[in-house]
Amino acid sequence: MRRINASIGVDKRLYAEDIAGSQAHCAMLVAQNILSPEDGEAIARGLEQIRGEIEAGSFVFRDEHEDIHLNIEARLAELIGPVAGRLHTARSRNDQVATDFRLWVRHAIDRLDAALRECQGALLGQAEAHADCVMPGFTHLQIAQPVTFGHHLMAYVEMLGRDRGRFADCRRRLNESPLGAAALAGTAFPIDRDRAAAALGFDRPAANSIDAVSDRDFAVEFLAAAALAGTHLSRFAEEVVIWSSDAFGFIRLSDAFTTGSSIMPQKRNPDAAELVRAKTGLFNGALIALLTVMKGLPLAYQKDMQEDKVPVFEAADTLELCLAAMTGLVRDMRPDRERLRDAAARGFSTATDLADWLVRTLDLPFRRAHHITGEIVRRAEARGCSLAELPLTELQAVESAITDAVYGVLDVERSVASRASFGGTAPPRVREAIAAARRKYLA
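I will try to describe carefully the structure that is included in this document. What you see is a predicted model; the values in this text were computed from it and never measured.

**Focus: the overall build of the protein chain**
Thought 1: Within the protein chain, the secondary structure is distributed over 19 helices and six strands.
Thought 2: A compact globule built from 443 residues should have a C-alpha radius of gyration of about 22 Å, whereas the protein chain, at 30 Å, is more than 25% larger.
Thought 3: The dimensions of the protein chain, computed from C-alpha atoms along their principal axes, are 100 × 55 × 40 Å.
Thought 4: Taken across its 443 residues, the protein chain has 48% of its residues classed as buried.
Thought 5: Within the protein chain, contacts between residues at least 6 apart in sequence are counted, and of these 75% link residues at least 24 apart.
Thought 6: Accessible surface computed for the protein chain: about 20600 Å², of which carbon and sulfur atoms make up 52%.

**Quick word on the pattern of salt bridges**
Thought 1: Within this structure, the stated rule accounts for 34 salt bridges.
Thought 2: With its nearest N and O atoms 3.0 Å apart, the salt bridge here joins Asp 132 to Arg 337. Of the two residues, Asp 132 sits in the loop between α6 (93–129) and β1 (134–139) while Arg 337 sits in helix α14 (residues 337–344), which places them 205 residues apart along the sequence.
Thought 3: For Asp 132, a relative accessible area of 38% translates into the label partly exposed.
Thought 4: A relative accessible area of 36% places Arg 337 in the partly exposed class.
Thought 5: Residues joined by salt bridges that share partners form a network here, namely Glu 375, Arg 378, Arg 379, Arg 383 and Glu 394.

**A closer look at the pairing of strand β2 (residues 142–148)**
Sheet faces and side chains relate simply in a regular strand, where the side chains alternate between the two faces.
Thought 1: Where β1 lies against β2, six bridges are found, and the strand directions are antiparallel. Following the sheet pairing, Thr 139 is matched in β2 by Gln 142.
Thought 2: Adjacent in sequence and paired antiparallel, β1 and β2 are bridged by two residues, among which His 140 carries a positive phi angle near 60 degrees.

**Some details on a nonpolar patch on the surface**
Thought 1: Together, Leu 184, Ile 210 and Leu 299 make up an exposed nonpolar region whose accessible area comes to about 270 Å².
Thought 2: Along the chain, Ile 210 falls in helix α9 (residues 209–214).
Thought 3: With relative accessibility at 33%, the residue Ile 210 sits in the partly exposed group.

**Some details on the nonpolar core**
When a protein is soluble and globular, its nonpolar side chains tend to lie buried together.
Thought 1: Phe 167, Phe 222 and Phe 236 are the most contacted members of the largest nonpolar core, which has 98 residues in total.
Thought 2: Here the element with the most residues in this core is helix α10 (residues 217–243); it accounts for 16 residues.
Thought 3: Those residues in contact with Phe 236 that sit more than four places away from it in its chain are Leu 123, Leu 153, Tyr 156, Trp 243, Met 326, Val 330 and Met 333.
Thought 4: Counting residues in hydrophobic clusters, the runner-up holds 20 residues, among them Leu 358, Ile 372, Val 377 and Cys 385.

**Quick word on the packing of aromatic side chains**
Thought 1: Counting across every chain of the model gives ten aromatic pairs.
Thought 2: Judged by centre distance (6.3 Å) and plane angle (90 degrees), the rings of Phe 101 and Phe 313 are edge-to-face. Residue Phe 101 is located in helix α6, and its partner Phe 313 is located in helix α13 (residues 309–332); the two are separated by 212 residues in the primary sequence.
Thought 3: On the basis of relative accessible area, Phe 313 is assigned to the buried category, the value being 3%.
Thought 4: Summarising the aromatic geometry, the rings of Phe 248 and Phe 250 are spaced 5.2 Å apart at their centres and angled 80 degrees between planes, so their arrangement reads as edge-to-face.

**What to know about unusual backbone geometry**
Thought 1: Note that the residue after Leu 299, namely Ala 300, is joined by a cis bond; omega there is 10 degrees.
Thought 2: Inspection of the secondary structure puts Ala 300 in the loop between α12 (280–294) and α13.
Thought 3: In this structure, Leu 141 takes a positive phi of about 60 degrees despite not being glycine.
Thought 4: A residue is classified by how much of its surface remains accessible, and Leu 141, at 54% relative accessible area, is exposed.

Rules behind the numbers
- Numbers given to residues run from 1 along each chain, matching the order in which its sequence is written.
- Per-residue local features are limited, in this predicted model, to residues with pLDDT of at least 70; the limit for side-chain atom pairs, both in listing and counting, is 80 or more; totals at the level of whole chains, interfaces and linings are taken over all residues.
- Values reported for side chains reflect all heavy atoms of the structure, with hydrogen atoms and water molecules removed beforehand.
- Think of it this way: any DSSP run of H or I at least four residues long counts as a helix, any run of E at least two long counts as a strand, and we number them from the N terminus.
- For the radius of gyration, the atom set is restricted to C-alpha positions; the globular benchmark scales as 2.2 Å times the number of residues to the power 0.38.
- A 1.4 Å probe rolled over the protein chains alone gives each residue an accessible area, and that area as a share of the maximum for its type sets the label: buried under 20%, exposed over 50%, partly exposed in between.
- By definition in these notes, contact holds between two residues if any of their heavy atoms fall within 4.5 Å.
- In short, Shrake-Rupley with a 1.4 Å probe defines the accessible areas, and a residue's cover is counted only from the protein chains shown.
- Between Lys or Arg on one side and Asp or Glu on the other, a salt bridge is scored when a side-chain nitrogen of the former is within 4 Å of a carboxyl oxygen of the latter.
- We call two strands paired when DSSP finds no fewer than two bridges between them.
- Only residues above 30% relative accessible area that lack a salt bridge enter a patch, with like-charged residues linked at up to 9 Å and the nonpolar side chains Val, Leu, Ile, Met, Phe, Trp and Tyr linked at up to 5 Å.
- Put simply, buried Ala, Val, Leu, Ile, Met, Phe, Trp, Tyr and Cys residues joined by side-chain atoms within 4.5 Å make one nonpolar core.
- Each aromatic pair joins two rings of Phe, Tyr and Trp (for Trp, the six-membered one) with centres within 6.5 Å, and gets the label stacked for planes under 30 degrees apart, edge-to-face for over 60, and tilted for any other angle.

As structure tokens, then:
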């Protein structure tokens, strides 16, 4: 029973939040004349000593005290005597742990937002350096249309921006204080919940005492945001693995973010990207684990909720590590501009440009232009040449009105430059998007 009941091995990470919550609660009790100033001063002094002991590594955590709250309370009693027992007036471990956990998740969100911002900055730096670097754009992993390397990277800047928005939304919703809810029904003591909430940086006290101690929506929402952010990192990691392979050769990674083989000395394996890709499973598992814990719980607090911290702690730690690795990897990668350009010219990637030209210049319906272009592509395939290399006579054999002006749109650089609609891949548009993203995300 002691082994299954104890959570100190996990929740000792909440020590700073637990001490902060106790300090705010103590100050409120003194202000409300529930606790004498002398007792309040002794408690505050003891809590600061405990913080110092934990940070110095000299504090002894004991399983028999079960959790971080009782460990700190027991040590406080050793330091200041029976007065320590007054700290728990008008408070329960139910509202105490709910407060601690919200504070911890709030701090984790702030750390992750900074890490996401750093990763966006790395992507923006590479995008700016390669705003005009032509590469193939893919659908179904088949070459579709030419884009630029900078434009491609900017897609991930936007994804991470949405991730930051989701974490910010989660932070805003969780920023209500459970303190004062006590076990579930509130307290008969004349406490000031607003004062305690403000001292801890909460926007307001939680409105319902039952909900305050039993709600873990904020933890689930945090894990959902982490799972989606992990998915975005995994998608990019997959592209890095593909791009750095010999078959593609789009980018090169240094030894700093690759590893060798134990038997093949020539290998440069993109292990950082592969591990980021793999760790997505942890985020998804953490989300499902907590949803499963919560799915059948009646109100109010249940001991099941002790299992809420492991998935949140693991997900937060892992996402921070993945973001650090991906940020370094982005800064490290070097695109091969020539190889990217050559690949962009393959697969008849300017076929859409040809169809658009037929619509604009010959005033053909798009479906007719699409059919003509398909026939022209088949002729180029049969001759083993690109669209730009196909003789005019071959083009005119399909549509007699085609002139040699069509060759002006069959070049990949011209194709990219023509995509100047808002959000498009034309280099000036990409540079505009980079400038806007710097203002939006990095200012």
